[in-house]
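So you can see what is in the structure, the chains are spelled out below.
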Amino acid sequence: RLAERFQYQVKGEYFGMQQDFEKMYAVYEMWAELYPQDIQAQRAAAQVRTLQDDRMGAVEKLEEVLALNPADLGLLQEIGSLYQELGDLETARSYFQRYADENPEDKESFTALAGLDRDLGHHAQARQLYERALLLEPGDAQLKLAVAALDRDVGDFDAAEEGYEEALADFQAAVEMDPE
C-alpha cells in the first residue's frame, strides 16, 4: 500500500487521464490542504489551477511553493510568466528580474525580460537582452528566431530575413547531428 500522500498523487493523475479536471483539482487541493509543507502537493494544485484558467490561483499556490522552497528559482520564471499572461507586466518584470539577478549566466534570464520588452514595444531594450542571451548560447536557433521576429516588428525586413535564414540553418544542422 502506498503512503497516503502518494495516494492523492495517483488519484489526481488518474482523474487527469480521465479529463475530469474538477475531481483532479479536488484531490490535489485536498492533498495540498492536508500536507501544506509538501511542495509536490502545492505544485500539483497550482498546475490544475493553470489548467482551469485560474492564473491568479496558480500564482498564489506557486508563491506558497516559493516560500517553502526559495532555492527553486525556476518558480520566479513561472510566476513571472503567469503575471505576464494576466497583463500585470510590471509584476512580471519584477519576477523575471529577480531570476536574472540570481542567474546571470542563464540565457532564460535575458529571454524572459526581452520578450516582455518586446511586448511593451521597447525594441531596443529587447534587442540588447536577446543579444546578451546569444552571447551565452550563440547557436540557439530559437533565440535567432526571436531576434528575427523583433527585426520584423520594427520593419527591418532584410535583417529579419537574414535572421530567419540563419535560424533555419541552425535547425537543419541540429537535425543532421541528431536525426531523431
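Everything below is about the structure printed above this text.
Because the structure is predicted, anything quoted here is derived from the model rather than measured.

Criteria and thresholds
- Residues numbered from 1 in each chain as written.
- Predicted model: local features only at pLDDT ≥ 70, side-chain atom pairs only at ≥ 80, totals over all residues.
- Heavy atoms only, no water.
- Salt bridge = Lys/Arg side-chain N within 4 Å of Asp/Glu carboxyl O.
- Helix = DSSP H or I, 4+ residues; strand = E, 2+ residues; numbered from the N terminus.
- Buried < 20%, exposed > 50% of the residue type's maximum accessible area, 1.4 Å probe, protein only.
- Expected span 1.5 Å × (residues − 1).
- Arc of directions from axis to C-beta.
- Contact = heavy atoms within 4.5 Å.
- Phe/Tyr/Trp six-rings, centres within 6.5 Å; stacked < 30°, edge-to-face > 60°.
- Lys NZ or Arg CZ within 6 Å of the ring centre and 35° of its normal.

**Student:** I'm lost on the pattern of salt bridges in this one. Help?
**Tutor:** A side chain with one charge can pair with a side chain of the opposite charge if their charged atoms come near. Following the criterion strictly, the structure yields 17 salt bridges and no others. Two residues, Asp117 and Arg93, come together in a salt bridge whose shortest N-O distance is 2.5 Å. With Asp117 in helix α7 (residues 107–120) and Arg93 in helix α6 (residues 89–102), this pair connects stretches of sequence that are 24 residues apart. Accessibility classification places Asp117 together with Arg93 in one group, the buried group. A salt bridge links Arg152 to Asp153; its shortest N-O distance comes to 3.3 Å. Among the charged side chains, a network of salt bridges with common partners joins Glu29, Arg49, Lys61 and Glu64.

**Student:** What's the story with helix α8 (residues 123–136) in this structure? I'm lost.
**Tutor:** Over its 14 residues, α8 extends 20 Å from the first C-alpha to the last, a length consistent with the 20 Å expected when each residue adds 1.5 Å. Looking at α8, one finds that the buried residues are Ala126, Leu129, Tyr130, Ala133 and Leu134. Buried residues of α8, viewed axially, fall in a sector of 145 degrees; they line one side. When the buried face of α8 is taken as reference, the exposed residues oriented beyond 90 degrees from it are Ala124, Gln128 and Leu135.

**Student:** So what exactly am I meant to see when it comes to the environment of Met56 here?
**Tutor:** Assignment of secondary structure puts Met56 in helix α4 (residues 55–68). For Met56, a relative accessible area of 35% puts it in the partly exposed group. With near-sequence residues (within four places) excluded, Met56 lies in contact with Tyr83 and Leu86.

**Student:** What's the story with the side chain of Gln7 in this structure? I'm lost.
**Tutor:** As for its position among the elements, Gln7 is in helix α1 (residues 4–17). For Gln7, a relative accessible area of 17% corresponds to the buried category. Non-local contacts of Gln7, meaning those with residues more than four positions away in its chain, are made with Arg1 and Leu2.

**Student:** Can you walk me through the packing of aromatic side chains in this structure?
**Tutor:** Here the distance between the centres and the angle between the planes together describe a pair of aromatic rings. Throughout the structure, instances matching the rule amount to four aromatic pairs. Taken together, a centroid distance of 5.5 Å and an interplanar angle of 65 degrees make the contact between Tyr14 and Phe15 edge-to-face. On the basis of an interplanar angle of 45 degrees and a centroid distance of 5.8 Å, the ring pair of Tyr28 and Trp31 is categorised as tilted. Placement of both Tyr28 and Trp31 in helix α2 (residues 21–34) is noted, with a separation of three residues, approximately one turn of the helix. Using a relative accessible area of 1% as the deciding quantity, one classes Trp31 as buried. A cation over an aromatic ring shows up here: Lys11 above the ring of Tyr8, its NZ or CZ 5.9 Å from the ring centre.

Honestly, it's all geometry; don't read function into it.
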